[in-house]
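Letter by letter, the chains look like this.
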Amino acid sequence: MSIAASTGTPSATRIYARIAGTGSYLPEKILTNAELSTIVDTSDEWIASRTGIRQRHVAAEGETTGDLAYHASVRALEAAGVDAAEIDLIVLGTTTPDLIFPSTACLLQHRLGANGCAAFDVNAACSGFVFALAVADKFIASGAAKTVLVVGAETLTRMVDWTERTTCVLFGDGAGAVVLKADTETGILSTHLHADGGKKELLWNPVGVSVGFKENAPNAGVRINMAGSDVFKYAVKALDSVVEETLEANGLDRHDIDWLIPHQANLRIIEATAKRLDMPMERVVVTVDRHGNTSSGSVPLALDEAVRSGRVQRGQLVLLEAFGGGFTWGSALLRY
Ligand code: ACO
């Protein structure tokens, strides 16, 4: 079963979560494919042809997920014209928190000066932002919150094994944020979330508090383990199905969507979803070439870029989707 939130046709009484402002932040340091090929046995040609990635940003020493989240949030609040004191709730998607606890959302709350509002993290790996957005949407649709800050922020390069060429070429650091405001006109139309915990070992980081930080166990070490081609196949199928589900739930045809803003893991996965939607690549927001896979950061980073460049306009129908470790996958359809 999926969790389908607040689907249906607009009505006078419905409360929508509307995106009032977006923001994003990328660390200064850029690592190109050419530079990577001096670290591991790879090449720009291999990485670009298999993934579409040309470069990624890497957090500086001491720069944390919380730092990236803070800069992205300040920009989103500015764009929305919202003061931190007005925030009722902060939901932050991350799988690379600053600390085990407090949550990165709590650290962010204090730094923004939004003290007192509820704040928590959501861990759904690369689907973190879409899951966080769905949670925030429910708080607004139920009337429990009016102004919510939703963030996707990651420093995945901190858990990359820089000697493992099959994974280290894929990931980058970055954060994106949106400010949601309650609105009676329009906003998020529906969200759809899924998970399959049975596929844990196809994409995982096998260390942790409760299982212990065992360096000698099979596949141990704080690093991403991935069965790349299995993940690829599962992701394409799961995203196809969640896109269908989203269109059906809203009584829409695939040609009604103005913009597809997908999780930025691999250009070939993005192209497969666009093909399924019969959508020309000009209406698909692509940042994977410059950002790599920033996990929870990828969708809000792409959204912010599309909004600030003037591509995504008020009133347009935008489909967000993501897939990640868990497995987790989901979508959000919104009228921007
Ligand atoms: N440089 C050069 N050669 C490489 C590299 C590299 N960086 N990595 C692997 N190779 C080699 C392999 O060793 C293999 O060599 P062999 O044939 O001699 O054994 C060959 O290239 C082919 O390897 P495959 O793993 O079969 O390559 P594939 O075409 O499947 O591409 C990739 C690998 C890019 C990881 C792809 O499977 C993929 O993108 N999968 C999706 C995974 C993903 O995106 N994960 C992110 C998290 S989940 C998410 O966000 C969707």
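Please read these numbers as outputs of a predicted model, since none were measured by experiment.

A. Quick look at the site of the ligand. Not every one of the 22 residues close to the ligand is listed here, only the nearest: Thr42, Arg50, Arg165, His263 and Asn266. In this structure, Ser229 approaches the ligand through a main-chain N or O atom, which is 3.5 Å from an oxygen atom. Within the side chain of His263, a nitrogen or oxygen atom sits 2.8 Å from an oxygen atom of the ligand. When isolated, the ligand has an accessible area of 1000 Å², and the protein chains bury 73% of it. Secondary structure elements with two or more residues in the shell around the ligand: α2 (44-51), α6 (165-168) and α7 (228-249). With four residues, α7 is the single largest residue contributor to the shell around the ligand. Of the residues contributing to the shell around the ligand, the split by class is 10 nonpolar, eight polar and four charged. Inspection of the shell around the ligand shows a minimum of three residues originating in each of domain 1 (16-185) and domain 2 (189-335).

B. Molecular detail of the pattern of salt bridges. Within the structure shown, the criterion is met by 12 salt bridges. Measuring nitrogen to oxygen at the nearest pair gives 3.1 Å for the salt bridge that ties Lys199 to Asp196. Salt-bridge contacts for Arg276 lead to Glu244; the nearest nitrogen and oxygen are separated by 3.6 Å. Linking Arg276 in helix α8 (residues 267-276) with Glu244 in helix α7, this pair joins segments that are 32 residues apart in sequence. Under the relative-accessibility criterion, Arg276 is labelled partly exposed at 37%. For Glu244, a relative accessible area of 33% corresponds to the partly exposed category. Ionic contacts of the salt-bridge type, sharing partners, join the residues Asp289, Arg290, Glu305 and Arg311 into one network.

The rules behind each value
Residues numbered from 1 in each chain as written. Predicted model: local features only at pLDDT ≥ 70, side-chain atom pairs only at ≥ 80, totals over all residues. Heavy atoms only, no water. Near = heavy atom within 4 Å. Polar contact = N/O pair within 3.5 Å; in protein donor to acceptor, adjacent residues only side chain to side chain. Areas by Shrake-Rupley, 256 points an atom, 1.4 Å probe, with all protein chains shown as cover. Helix = DSSP H or I, 4+ residues; strand = E, 2+ residues; numbered from the N terminus. Nonpolar A, V, L, I, M, F, W, Y, C, P; charged D, E, K, R; others polar. Domains from an automatic or database assignment. Salt bridge = Lys/Arg side-chain N within 4 Å of Asp/Glu carboxyl O. Buried < 20%, exposed > 50% of the residue type's maximum accessible area, 1.4 Å probe, protein only.

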